[in-house]
Amino acid sequence: MVNPFHLAFPVNDLAAARTFYGTVLGCAEGRSTEAWIDFDLYGHQIVTHLIPDACRARGEGGAGAVDGHNVPIPHFGVVLDMEDWKALAERVRSHGIPFGMEPQIRFEGLPGEQATMFFCDPAGNALEFKAFANMQQLFAKQ
């Protein structure tokens with residue numbers, strides 16, 4: 001078993017965060033106050049903290065070149081199994097959330113071949129979710 005990580009990050013609207021993480025992503029809600037909300041993101045604890053001026057413009061913060069794509073930096077997410085990844089992609093699409101990078105396969109035919117997608121929460125925080133056909137290649141070198 002992998003130990004769960006904890007990540008706290010800013011949002012500018014807790015109600016929008018509650019809808020996005022709770023309804024769109026399907027995260028169970030844990031403790032909360034008027035200033036923050038805990039969510040269970042696939043067994044990991046993420047905490048949205050209300051910082052009213054924290055809204056990040058899409059792409060703000062920079063981008064890194066990966067496999068011919070510019071990916072937003074910073075970003076976070078979870079490596080899922082392929083079935084959960086496909087279900088999440090459909091769930092996000094069904095809620096009308098725009099993708100920064102459409103669900104696709106990267107590094108096809110190479111070590112570390114992976115499915116990936118990027119999208120942002122309502123505060124502009126970038127998320128990436130991945131899946132590997134062979135989880136043993138999570139840390140494979142090119």
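The structure presented is a predicted model; accordingly, all values stated were derived computationally and were not measured.

1. Considering the overall build of the chain
So, point 1. Helix and strand content of the chain: two helices and 10 strands.
So, point 2. In the chain, the succession of α and β elements from N to C terminus is β-α-β-β-β-β-β-β-α-β-β-β.
So, point 3. For the chain, whose C-alpha radius of gyration is 15 Å, the value lies close to the compact-globule estimate of 14 Å for 142 residues.
So, point 4. Projected onto its principal axes, the C-alpha positions of the chain cover 50 × 35 × 30 Å.

2. Notes on the sheet that holds strand 9 (residues 114-120)
So, point 1. Taken in spatial order, the four strands line up as 7-10-9-8 in an open sheet, and their pairing is mixed. Taken across any chain shown, the strands that pair with only one partner, and hence form the sheet edges, are strand 7 (79-80) and strand 8 (99-106).
So, point 2. Here strand 8 runs beside strand 9; their pairing, made up of five bridges, is antiparallel. Each bridged residue has a counterpart across the sheet, and for F99 the counterpart in strand 9 is F119.
So, point 3. Against the sheet, helix 2 (residues 82-94) engages strand 7, strand 8, strand 9 and strand 10 (126-131), with an angle of about 155 degrees to strand 8.

3. Remarks on unusual backbone geometry
So, point 1. The amide bond that connects I73 to the next residue, P74, takes the cis arrangement and shows omega of 5 degrees.
So, point 2. Structurally, the position occupied by P74 is in the loop between strand 6 (69-72) and strand 7.
So, point 3. Residues other than glycine seldom take positive phi values, yet Y42 does so here, at roughly 55 degrees.
So, point 4. Notably, F107 is not glycine yet its phi reads approximately 60 degrees, a positive angle.

4. Observations regarding the packing of aromatic side chains
Aromatic rings considered in pairs are described by the distance between their centres and by the relative angle of their planes.
So, point 1. Taken as a whole and assessed by the stated rule, the structure comprises eight aromatic pairs.
So, point 2. Between Y21 and F39, the aromatic rings sit 5.7 Å apart at their centres with planes inclined by 35 degrees, giving tilted as the arrangement. With Y21 in helix 1 (residues 14-24) and F39 in strand 3 (residues 36-41), the pair connects residues that are 18 residues apart, well separated along the chain.
So, point 3. Members of the aromatic cluster, each reached through a chain of ring pairs, are F9, F20, Y21, F39, Y42, F76, F99, F119 and F129.

5. Quick look at the sheet that holds strand 2 (residues 28-32)
So, point 1. Spatially, 1-4-3-2 is the arrangement adopted by the four strands of the open sheet, whose pairing is mixed. Two strands lie at the open edges of the sheet, namely strand 1 (6-11) and strand 2, each paired on one side alone. For this sheet, the mean inter-axis angle between neighbouring strands, taken without regard to orientation, is 25 degrees.
So, point 2. Here helix 1 sits on the sheet in contact with strand 1, strand 2, strand 3 and strand 4 (44-50), set at roughly 10 degrees to strand 3.

Rules used in this analysis
- Numbers given to residues run from 1 along each chain, matching the order in which its sequence is written.
- Owing to the predicted nature of the model, reporting of local features is limited to residues with pLDDT of at least 70; listing and counting of side-chain atom pairs is limited to 80 or more, with chain, interface and lining totals taken over all residues.
- To obtain the side-chain values, all non-hydrogen atoms of the structure were included, while hydrogens and water were left out.
- Numbering goes from the N terminus for both helices and strands, where a helix is a DSSP run of H or I of at least four residues and a strand is a run of E of at least two.
- Here the globule rule is a power law, 2.2 Å times the number of residues to the power 0.38, and the radius of gyration is based on C-alpha atoms.
- Paired strands are those between which DSSP finds at least two bridges.
- Should any heavy atoms of two residues lie within 4.5 Å, those residues are counted as being in contact.
- Under this scheme, a helix contributes an axis fitted over its contacting stretch, all axes are lines through C-alpha atoms, and angles between N-to-C directions fall in the 0 to 180 degree range.
- Within 6.5 Å between ring centres, the rings of Phe, Tyr and Trp (the latter by its six-membered ring) count as paired, and their orientation is classed by plane angle as stacked under 30 degrees, edge-to-face over 60, tilted in between.

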